[in-house]
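Coordinates in review
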Amino acid sequence: MNPLRVVDLHKAFRGRPVLSGIEFELQPGELFGIIGENGAGKSTLLRILAGELPADRGDIIYAGTLGYCPQNIVLNDDLTVEQHLRFFQRAYRLPGLLHAHELVERLGFDQHRGTRAGLLSGGTRQKLNLTIALMHDPDIVLMDEPYQGFDWDNYLNFWDIAGELRDRGRTVLIISHIAHDIERFDRLRRLRDGQLDESAVIEEVTGA
Ligand SMILES: Nc1ncnc2c1ncn2[C@@H]1O[C@H](COP(=O)(O)OP(=O)(O)OP(=O)(O)O)[C@@H](O)[C@H]1O
């Protein structure tokens, strides 16, 4: 059974369709990208896949644990980085924080472990958001522009981490902007008119 299968997913807001029959299936060890213009419905799709928003119709079939890095960062401004990690350690029922601390180090915000989230920069808040999504080493990872606010080195660190997840057989779905990232994916689809269109992306990359 594949880690994630999406069948005929529909969503409309106030009668205006945003997703109109989304279908795809992801394999283990796959880095899958979804691109699309502002307002195309990318975040809506990811929010539905993560269970944050109900679909109007359709099926989502998962096999495995899920990690979700949302576009809108949800942190408690009064808790430090370390307190967030301990909170999610309990939520995920993890025996320790070894992997979380590795991620903190790799993303270069180790020096902020004692800092309250409300005092972190936007990019560092995003690093914590990403660490929380990955610290339980989930089978399937859904990420919505996960490197927003990252400087170039951390942007590259992010892609190293994503590549390693894929190489370890995890299934990685990333919503992305087309400019830098297009060649980093194993498979890429454009969300347009409420549907996932593969041919349009291929034409754009090859100039066909
Ligand atoms: N809760 C909501 N209520 C009403 N309309 C919504 C809601 N959420 C999203 N929309 C609308 O649905 C459409 C798709 O929004 P969505 O945020 O999914 O697009 P996106 O592709 O992620 O855009 P961006 O690249 O700007 O993040 C937009 O027109 C948006 O205004």
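The structure we're discussing is the one just above.
Every chain is numbered independently, its residues counted from 1 as its sequence is written. For a predicted model such as this one, the threshold for reporting local features is a pLDDT of at least 70, and the threshold for listing and counting side-chain atom pairs is 80 or more; totals across whole chains, interfaces and linings nevertheless cover every residue. With hydrogens and water set aside, each side-chain value is computed from the structure's full complement of heavy atoms.

As a further point, take helix α4 (residues 122-134). Put simply, DSSP marks the helices as runs of H or I at least four residues long and the strands as runs of E at least two long, and each gets a number from the N terminus on. To estimate the expected span of a helix, subtract one from its residue number and multiply by 1.5 Å. A rise of 1.5 Å per residue sets the reference length of α4, with its 13 residues, at 18 Å; its end C-alpha atoms lie 19 Å apart and thus fit the reference within 8%. Here α4 lies mainly inside the structure; twelve of its 13 residues are buried. Here α4 has its buried residues at Gly123, Thr124, Arg125, Gln126, Lys127, Leu128, Asn129, Leu130, Thr131, Ile132, Ala133 and Leu134. Whether two residues touch is decided by their heavy atoms; if any such pair falls within 4.5 Å, the residues are in contact. Residues of α4 that are buried make contact with β5 (66-69), α2 (81-92), α3 (98-106), β6 (140-144) and α5 (152-167). Partly exposed residues are those whose accessible area sits between 20% and 50% of the maximum for their type, while under 20% is buried and over 50% is exposed, using a 1.4 Å probe and protein chains only.

In the cavity and pocket records, a cavity denotes points on a 1 Å grid over the protein atoms alone where a 1.4 Å probe fits but cannot get out, a pocket denotes an open set with protein on both sides within 12 Å along at least 5 of 7 lines, and lining residues are residues with an atom within 4 Å of a point. Grid points are joined across faces, edges and corners, and a volume is the space filled by probe spheres set on the points. Roughly 170 Å³ of volume is contained in the largest pocket. Taken together, Arg16, Pro17, Val18, Glu37, Gly39, Ala40, Arg190, Leu191, Arg192, Asp193 and Gly194 make up the lining of the largest pocket. For the lining of the largest pocket, the secondary structure elements donating two or more residues are β2 (16-26) and β8 (187-192). Under this grouping Gly is polar, as are all residues other than the nonpolar Ala, Val, Leu, Ile, Met, Phe, Trp, Tyr, Cys and Pro and the charged Asp, Glu, Lys and Arg. Of the residues contributing to the lining of the largest pocket, the split by class is four nonpolar, two polar and five charged.

Another point: the pattern of salt bridges. Each salt bridge in this description consists of a side-chain nitrogen of Lys or Arg and a carboxyl oxygen of Asp or Glu lying within 4 Å of one another. Scanning the entire structure with this criterion turns up 13 salt bridges. Put simply, aspartate 137 and arginine 170 hold a salt bridge, and the shortest N to O gap is 2.8 Å. Remark: arginine 170 occurs in the loop between α5 and β7 (171-175) and aspartate 137 occurs in the loop between α4 and β6; sequence separation between them is 33 residues. For aspartate 137, a relative accessible area of 24% gives the class partly exposed. Looking at arginine 170, the relative accessible area reads 16%, which means it is buried.

Note that all results are geometric; they support no functional claim without further evidence.
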